[in-house]
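# Observations on the model geometry
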Amino acid sequence: MTTKQIDYCIELAHTLNFSRAAENMFVSQPTFSYQIRLLEEEIGFSLFDRNGKGAELTPAGAQFVTYLTGMRQELKRAIEQGQNFSAKYQDNITIRMPARQALYFLPEAMRLFEEQEPGVQITPVFQYENGMGSFLKNETDILFALKEESRHIPGILVHPLFESRIYLIAGQDDPLAGKNLITEKDLYGRTLMVGGGSPPALRSLQQRLIATGKINYFNSSDHDTTLTNVAARRGICLAPGFLNDHSGQFAWIPFDCKE
């Protein structure tokens, strides 16, 4: 399977027309059709049903193209990174982050590091889940992680960065935004966004608050989704301070709790 065949297959899946797909890829239709046929022969199943009006994806073809598209995007990123690396850098350090918001302090650190080590590239990688697993498989050099996640892992070097407390996140126009400290009673009758990969201490707090029966809750899949819901005034949320991107879009108020 060649990258050309992958590109042809993805294009045909978009147009479902051999002539138009061949034209978009700047090749003749016979050449285009031949490459699609070679690809189908190699993988051992039909990707497209041909008809007088053009082509239709087979069920197997639809699933295959989904995987191909993801693979092609990853390959494109790998090529672009390789081009960047070969043009300027001699080495690379990969830092895996749990969420985009954890980036706040990183740009300045990257700038200062590059002044001292101009031949070394810093590559941030964002991964909500299983970041520790990727780190332990040597897929990344540095992992931004919670202390409890790294405490019992032998053979790694841990650099403590800071202690992070729990904050309430609300819209700037929310009545709670004017407070200096939030207590449990301030949340009574409100809707709290929960879930989304919350660390153990935060999950414990969320469960304790919900157990009071005085707080409504709404499950949210990840932190970005939670912030979108908060911006849409669907609720408020609690989060560790290291996720604060300091954009000023939301109010971050310290939450008074044993956690």
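Look up: the structure comes first, before these words.
Now for a look at the structure at hand. A quick note: this is a predicted structure, and the numbers were derived from the prediction, not measured.

Calculation rules
- Residues numbered from 1 in each chain as written.
- Predicted model: local features only at pLDDT ≥ 70, side-chain atom pairs only at ≥ 80, totals over all residues.
- Heavy atoms only, no water.
- Buried < 20%, exposed > 50% of the residue type's maximum accessible area, 1.4 Å probe, protein only.
- Helix = DSSP H or I, 4+ residues; strand = E, 2+ residues; numbered from the N terminus.
- Pairing = 2+ DSSP bridges.
- Axes fitted to C-alpha atoms, helices over the stretch in contact; angles between N-to-C directions.
- Contact = heavy atoms within 4.5 Å.
- Patch = residues over 30% accessible without salt bridge, like charges linked within 9 Å, V, L, I, M, F, W, Y side chains within 5 Å.
- Areas by Shrake-Rupley, 256 points an atom, 1.4 Å probe, with all protein chains shown as cover.
- Salt bridge = Lys/Arg side-chain N within 4 Å of Asp/Glu carboxyl O.

### Some remarks on the pairing of strand 6 (residues 166-171)
- Judged by how many residues are buried, strand 6 sits mostly within the fold: 5 of 6 residues are covered.
- Strand direction decides the pairing type here: strand 6 and strand 9 (residues 236-240), joined by 4 bridges, are antiparallel. Bridge pairing in strand 9 places Ile 166 opposite Pro 240.
- Relative to strand 10 (residues 250-254), strand 6 runs antiparallel, the two being bridged by 5 bridges. Along strand 10, the bridge assignment pairs Ala 170 with Ala 251.

### What about the sheet that holds strand 8 (residues 216-220)?
- Taken together, 5 strands build an open sheet; the order of strands is 8-7-9-6-10 and the sheet is mixed. With partners counted over all chains shown, the strands left at the sheet margins are strand 8 and strand 10, one partner each. Taking each pair of neighbouring strands and ignoring which way they run, the sheet shows an average axis angle of 35°.
- Sitting on the sheet, helix 8 (residues 200-210) touches strand 6, strand 7 (191-195), strand 8 and strand 9, and the angle it makes with strand 9 is about 150°.
- Each of strand 6, strand 7, strand 8, strand 9 and strand 10 is contacted by helix 9 (residues 223-231), which is oriented at about 45° to strand 6, the strand it contacts most.

### Thoughts on a nonpolar patch on the surface
- Judged by side-chain polarity, Tyr 104, Phe 105, Leu 161 and Phe 162 come together as a nonpolar surface patch covering roughly 460 Å² of accessible area.
- Here Leu 161 lies in the loop between helix 7 (147-150) and strand 6.

### A word on the pairing of strand 1 (residues 48-51)
- Note that strand 1 and strand 2 (residues 54-57) share 4 bridges and pair antiparallel. The residue of strand 2 that forms the bridge with Asp 49 is Glu 56.
- Taken together, strand 1 and the strand that follows it, strand 2, pair antiparallel across an intervening segment of 2 residues.

### Some details on the sheet that holds strand 4 (residues 120-126)
- The 3 strands are arranged 4-3-5 in an open sheet whose pairing can be described as parallel. With one partner strand each, in any of the chains shown, strand 4 and strand 5 (142-143) form the two edges of the open sheet.
- Here 7 bridges tie strand 3 (residues 91-97) to strand 4, and the two strands are oriented parallel to one another. Note that in strand 4 the partner of Ile 93 across the bridge is Ile 122.

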